[in-house]
Amino acid sequence: MNKIAILPMNVPKSHPRYASLMQREKLIEGVKKNITAIAGLIAHGRGEAFDYLIGERTTENAKKAIRAAVARMQSSKTVLSVNGNVAVLCPEEYVKLAHLLRAPLEINLFYYRPERINAIRNALLEAGAEEDEILVSNKEYLDIESNRKQANPEGIAKAETVLVPLEDGDRTEALKRAGKFVITIDLNPMSRTARFADITIVDNVIRAVPLMVEYAKERQEEAPFDNKENLREAMQIMKQNLEREPDVTSHPAPS
Ligand code: PTJ
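Everything numeric in this text was worked out from a predicted model, so none of it was measured.

Caption draft 1: Local environment of the site of the ligand. The full set close to the ligand counts 26 residues, and Tyr 111, Arg 116, Arg 148, Asp 168 and Asn 204 are the nearest of them. Within the backbone of Tyr 111, one N or O atom sits 2.8 Å away from an oxygen atom of the ligand. Within the backbone of Glu 167, a nitrogen or oxygen atom sits 3.4 Å from an oxygen atom of the ligand. Starting from 740 Å² of accessible surface for the ligand in isolation, the protein chains cover 95%. Here the shell around the ligand takes six residues from helix H2 (residues 38-53), the largest share from any one element. Across the shell around the ligand, the residue classes tally to ten nonpolar, nine polar and seven charged.

Structural data, given as structure tokens:
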């Protein structure tokens, strides 16, 4: 890992893509600290492309999903799954959400390495989590091949609802087969995770998690939520943005 030369970058605040460049810097730092998987950088790039298509903003469609997700998490036994990307992109807000929901955090990695577990645990502690709020997936639980099959008997295995932010596609279906209610935050409305989840928030975790924290400060009413319709709407927004005339005066696309 240390053999890879990563040039330190001085991102000027005036740069029009400052916020986006800073997210990349955080992830690169995360790789250096063993928090983020190298593949997490690629995953982020894919997310960025979809973020462009929704106009790099939280749409009304995403807000509706966030409200439904918070209502469900407030009224059921919930666990917040943690991977390397979330642990660098929004650790403080994720820990705050766990506190407001009184839900444990469970580290569950696709690219498992013991040193990554330790690094992520430390990142969560630094972000304000208590030692006993952090669980690690440690027992075979799901009928899938990848390391994501693990779950903690006191955490995901016992939970009614699992929040799985930005994730590869194999776990959501298996969690559904295990009877869980699955909520995801995924910028790609076409991903397997997005399609198989019960509630999909099509938004960047950077924006969605702080908003979840805001909503979780008050009791949210549970209301019927149609995820297929929600995904259809998200794809419609992307389609409309793609059909716009090129506009050099405004980017992201205005709402
Ligand atoms: O830390 P690990 O080992 O558990 O690995 C985590 C990654 C993310 C590397 C792993 O789960 C993976 O490879 O995921 P995928 O298959 O690339 O899927 C990630 C999904 O999240 C894609 O659909 C992306 O579009 C989406 N995505 C990427 N960045 C963001 C995002 N969604 C919301 N917010 C983002 N910032």
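Caption draft 2: Representation of the side chain of Thr 200. Inspection of the secondary structure assignment puts Thr 200 in strand E8 (residues 199-201). Exposure remark for Thr 200: the relative accessible area of 0% places this residue in the buried category. A distance of 2.6 Å separates a polar atom in the side chain of Thr 200 from the backbone oxygen of Ala 194. Apart from residues no more than four positions distant in its own chain, Thr 200 is found in contact with Ala 65, Thr 184, Asp 186, Thr 193, Ala 194, Asn 227, Asn 230 and Leu 231.

Caption draft 3: Looking closely at helix H9 (residues 205-216). If you check H9, its first and last C-alpha atoms are 16 Å apart, about what twelve residues at 1.5 Å a residue would give, namely 16 Å. Each element contacted by the buried residues of H9 is listed here: helix H3 (60-74), helix H4 (84-89), helix H5 (91-101), strand E6 (161-165), strand E7 (181-185) and E8.

Caption draft 4: Highlighting the pattern of salt bridges. Throughout the structure, instances matching the rule amount to 19 salt bridges. The salt bridge partner of Lys 158 is Glu 154, with a shortest N-O separation of 2.8 Å. Residue classification places Lys 158 among the partly exposed residues on the basis of a relative accessible area of 45%. A residue is classified by how much of its surface remains accessible, and Glu 154, at 48% relative accessible area, is partly exposed. Overlapping salt bridges bring together Arg 148, Glu 167, Asp 168 and Arg 171 as one network.

Cut-off values and rules
Residues numbered from 1 in each chain as written. Predicted model: local features only at pLDDT ≥ 70, side-chain atom pairs only at ≥ 80, totals over all residues. Heavy atoms only, no water. Near = heavy atom within 4 Å. Polar contact = N/O pair within 3.5 Å; in protein donor to acceptor, adjacent residues only side chain to side chain. Areas by Shrake-Rupley, 256 points an atom, 1.4 Å probe, with all protein chains shown as cover. Helix = DSSP H or I, 4+ residues; strand = E, 2+ residues; numbered from the N terminus. Nonpolar A, V, L, I, M, F, W, Y, C, P; charged D, E, K, R; others polar. Buried < 20%, exposed > 50% of the residue type's maximum accessible area, 1.4 Å probe, protein only. Contact = heavy atoms within 4.5 Å. Expected span 1.5 Å × (residues − 1). Salt bridge = Lys/Arg side-chain N within 4 Å of Asp/Glu carboxyl O.

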